[in-house]
Amino acid sequence: MSSTGSTYGGSGVGAGDTHQATVRDTDVLGVSPVPAEHLVAEYVEDLGVFDPIVGKAQAIITRYPQSRSALLPMLHLVQSVEGRVSQAGIQFCAAQLDLTAAEVSAVATFYTMYKRKTCGEHLVSVCTNTLCAVLGGDDIYKALGEHLGSDGKKLGHNETAGEPGEPGSITLEHAECLAACDLGPVIQVNYEFFDNQTPESAVALVDALRAGEKPAPTRGAPLRDFRTAELELAGFWPEDEADYRATVDGPSAAVETLRGAKLAEDRGWTAVPYPDDVPLPEVEKK
Amino acid sequence: MTEPTTAPGPNKPAPVTPVLTKRWLSPTSWSIKTYEQLEGYTALRKALGGTPEQLVELVKASGLRGRGGAGFPAGVKWSFMPPNEDKPHYLVINADEGEPGTCKDIPLMMADPHSLIEGCVIASYAMRSHHCFIYVRGEALHCIRRLNAAVREAKAAGYLGTNILGSGFDLEITVHAGAGAYICGEETALLDSLEGRRGQPRLKPPFPAAAGLYAAPTTVNNVETIASVPFIVNGGSDWFRTMGTEKSPGPKIYSISGHVTNPGQFEAPLGTTLRELLELAGGMKDGIPLKFWTPGGSSTPMFTAEHLDVPLDFEGAAGAGSMLGTTAVMVFNDTVSVPWAVMKWTQFYEHESCGKCTPCREGTYWLTGILERMVAGQGTPADIETLLDICDNILGRSFCALGDGAVSPITSGIKYFRDEFLALCDQNAKTSAPALAGAHS
């Protein structure tokens, strides 16, 4: 009689009616505080905003043997349109990849770089992991929070000063280790590096951003905005060759990066030179 | 086995041995023009003249060990790839650098992306792969840009694409941006992420060589590992072994950060000690004494001033109770509170725990809560035992190495600096009843 049968492994212990079978069904709709039409109807967003990027979305898919691999870059792509991953963005990716919105949503909410609230023109990320923090990263984050706050309220993590997306608006976040520890404390603006910062230099940096300036990063391409960075993360680069080279050739040779190589050059230290004509090892043919 | 060729004396290598870093000083070192002028793509020609088996044998003989932290012999890993091509083979480069303190792959990819690309082509040829993915941490945008440019240049020059240099070998390289998740540095989580899923680790076995990307044979290697390959092809395994130790041969990029006069990247033979590295980095900043340091990122148990002469190779670091990790040497002076530093690292692991397994997800949450309470001056003497007990329930019981790494700072911090943790408890003994751990959130 029981629909549950025996347990896994063949034991009869515990077989019988489940608890669920012994109680009446709850009228979920009846007790829900949300109107029924919102619970049962699948809400389809207007995806028109993404019409211009359909071609790009399809281009991402062609890079991979299986289409689902395109999801992470495609989420970067939708962020380049809206400055965040919205419900519409999720539905757009799902439609392009033949996934459910739930599958896309599960991925979008897992990763830190996908923002649920619209980002400012610039995203300012302050490393507050241990090493940067001890060198001043915590002070920088605090100073920026206070400086960018308003009405006596500090600007918090993932909050935006100014109208999101408008010129001069800035989203602030504290970030985990940004892999530039020899250059700490570091800040990234739209993922371009500003190395060896202080609270004062950081405040001056955000003031310049708010004034519409584009200060040059220590390492990275000439500064653009958050949405352009997201477009690049999706794998789309400036089409104009000169612009493209300018981004690629943006500086990277920090003193710290080159320290060991420079020291070796100054002292005449080198690795042992290669021997002449080293053949590949012989192996038996299989 | 190859006989060790390293001997002290006249053959002792220089304190800094630029190999991977030797082009970094050149103007536009990232361009193919500079790369080709400095021996670039000569190793590829040589490799394509040989067989895949010869290349696997060469890398085995060189003793090259994985530079991403675990130190697994690269040639042995390559040899796990099946000899047939029933399914496509994939080479995936782990460029998701994010271990706290680690900053070697990002400068490498910025300064010399072609060395990685050339290494990818050689390694793909050796493993019969025709599609290689470079999974780069999303925050490393300038690296992604340089790698894309390098792929473009290499393709135009015939080093990538179809029938490379007339050899009949085809290879595509796709540069893939991550999206901000430390866990994706774990190789199976990286593969899930590359498949467009949440980056959560997979059960092993099957190992990636049997069922990796798209359930096909896959090898995942670190950036520095693969960038070393062209040099090994050109110089040979004996040359590679003129640096480093018998079991840990070769040069290694040591990243020195924190309270030193001249922090930066120093490529030195494996087995170099912190005493020697500090000398290269100009000593402790402002003369303030060393208190604690990590040999290879926050997941490697910390060392103290007692460990200045530990040889920093895989065996030396392990023999002294830590791990070599990524040779991310973070140096902290006397002014830094160990419990505070440990709390900051633990907050990191709590944030980055993927949530898949209970010991790590719940454990890092409670560890953070207790440490925050202690650092706020509200610890109890029982807290230290509670911390160690939780660590015991995470270490070896988590799904992947993230959990193991998360306990390293705590257990090593308490081992060497228990008094500092106790001092936080003493402060509390004078005040009122303790708040419950976790009550902060």
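Residues numbered from 1 in each chain as written. Chains lettered and ligands numbered in written order. Predicted model: local features only at pLDDT ≥ 70, side-chain atom pairs only at ≥ 80, totals over all residues. Heavy atoms only, no water.

In the annotation of an unreviewed UniProt entry, the entry for chain B reads NADH-quinone oxidoreductase subunit F, and the organism field reads Actinokineospora spheciospongiae. Per UniProt, the comment on chain B under Sequence similarities (unreviewed entry) is "Belongs to the complex I 51 kDa subunit family." The heading Catalytic activity (unreviewed entry) in the UniProt record of chain B holds the text "a quinone + NADH + 5 H(+)(in) = a quinol + NAD(+) + 4 H(+)(out)". (UniProt positions renumbered as here; feature names shortened; annotations may be inferred.)

As annotated in an unreviewed UniProt entry, chain A is NADH-ubiquinone oxidoreductase chain E from Actinokineospora spheciospongiae. Quoted straight from UniProt, the Sequence similarities (unreviewed entry) entry for chain A says "Belongs to the complex I 24 kDa subunit family." Recorded in UniProt for chain A, the comment headed Cofactor (unreviewed entry) runs: "[2Fe-2S] cluster".

Take the overall build of chain B next. The helix and strand tally for chain B stands at 15 helices and nine strands. Its C-alpha atoms give chain B a radius of gyration of 23 Å, near enough to 22 Å, the size a compact globule of 441 residues would have. For chain B, the residues scored as buried account for 65% of the 441 residues in total. Pairs at least 24 apart in sequence give 71% of the contacts found in chain B among residues at least 6 apart. Carbon together with sulfur atoms contributes 55% to the accessible area of chain B, which is approximately 14500 Å² in total. Computing the positive centroid from 36 side-chain charges and the negative centroid from 45, chain B places the two 3 Å apart. (Helix = DSSP H or I, 4+ residues; strand = E, 2+ residues; numbered from the N terminus. Rg over C-alpha atoms; globule rule 2.2 N^0.38 Å. Buried < 20%, exposed > 50% of the residue type's maximum accessible area, 1.4 Å probe, protein only. Contact = heavy atoms within 4.5 Å. Areas by Shrake-Rupley, 256 points an atom, 1.4 Å probe, with all protein chains shown as cover. Lys, Arg positive; Asp, Glu negative; His and termini not counted. Charge placed at Lys NZ, Arg CZ, Asp CG, Glu CD.)

This part covers the domain arrangement of chain B. All names here are of chain B. For chain B, the assigned domains read domain 1 (32-240), domain 2 (251-333) and domain 3 (338-429). The centre of domain 1, based on its C-alpha atoms, is set 27 Å off from the matching centre of domain 2. Across the contact, 18 residues belong to domain 1 and 16 residues belong to domain 2. Here domain 1 packs against domain 2, burying approximately 1300 Å² in sum over the two surfaces, 55% of which is carbon and sulfur. Between domain 1 and domain 2 we count two salt bridges in total. The salt bridge involving E315 is made with R65; its shortest N-O contact spans 2.7 Å. Taken together, the links from domain 1 to domain 2 amount to ten residue pairs in polar contact (both at pLDDT 80 or more). Mapped onto the side of domain 1 that touches domain 2, the elements with two or more residues apiece are α5 (105-111) and α9 (223-240). Grouping the constituent residues of the side of domain 1 that touches domain 2 by class yields seven nonpolar, six polar and five charged. (Domains from an automatic or database assignment. Buried area = accessible area lost by both parts, 1.4 Å probe. Salt bridge = Lys/Arg side-chain N within 4 Å of Asp/Glu carboxyl O. Polar contact = N/O pair within 3.5 Å; in protein donor to acceptor, adjacent residues only side chain to side chain. Nonpolar A, V, L, I, M, F, W, Y, C, P; charged D, E, K, R; others polar.)

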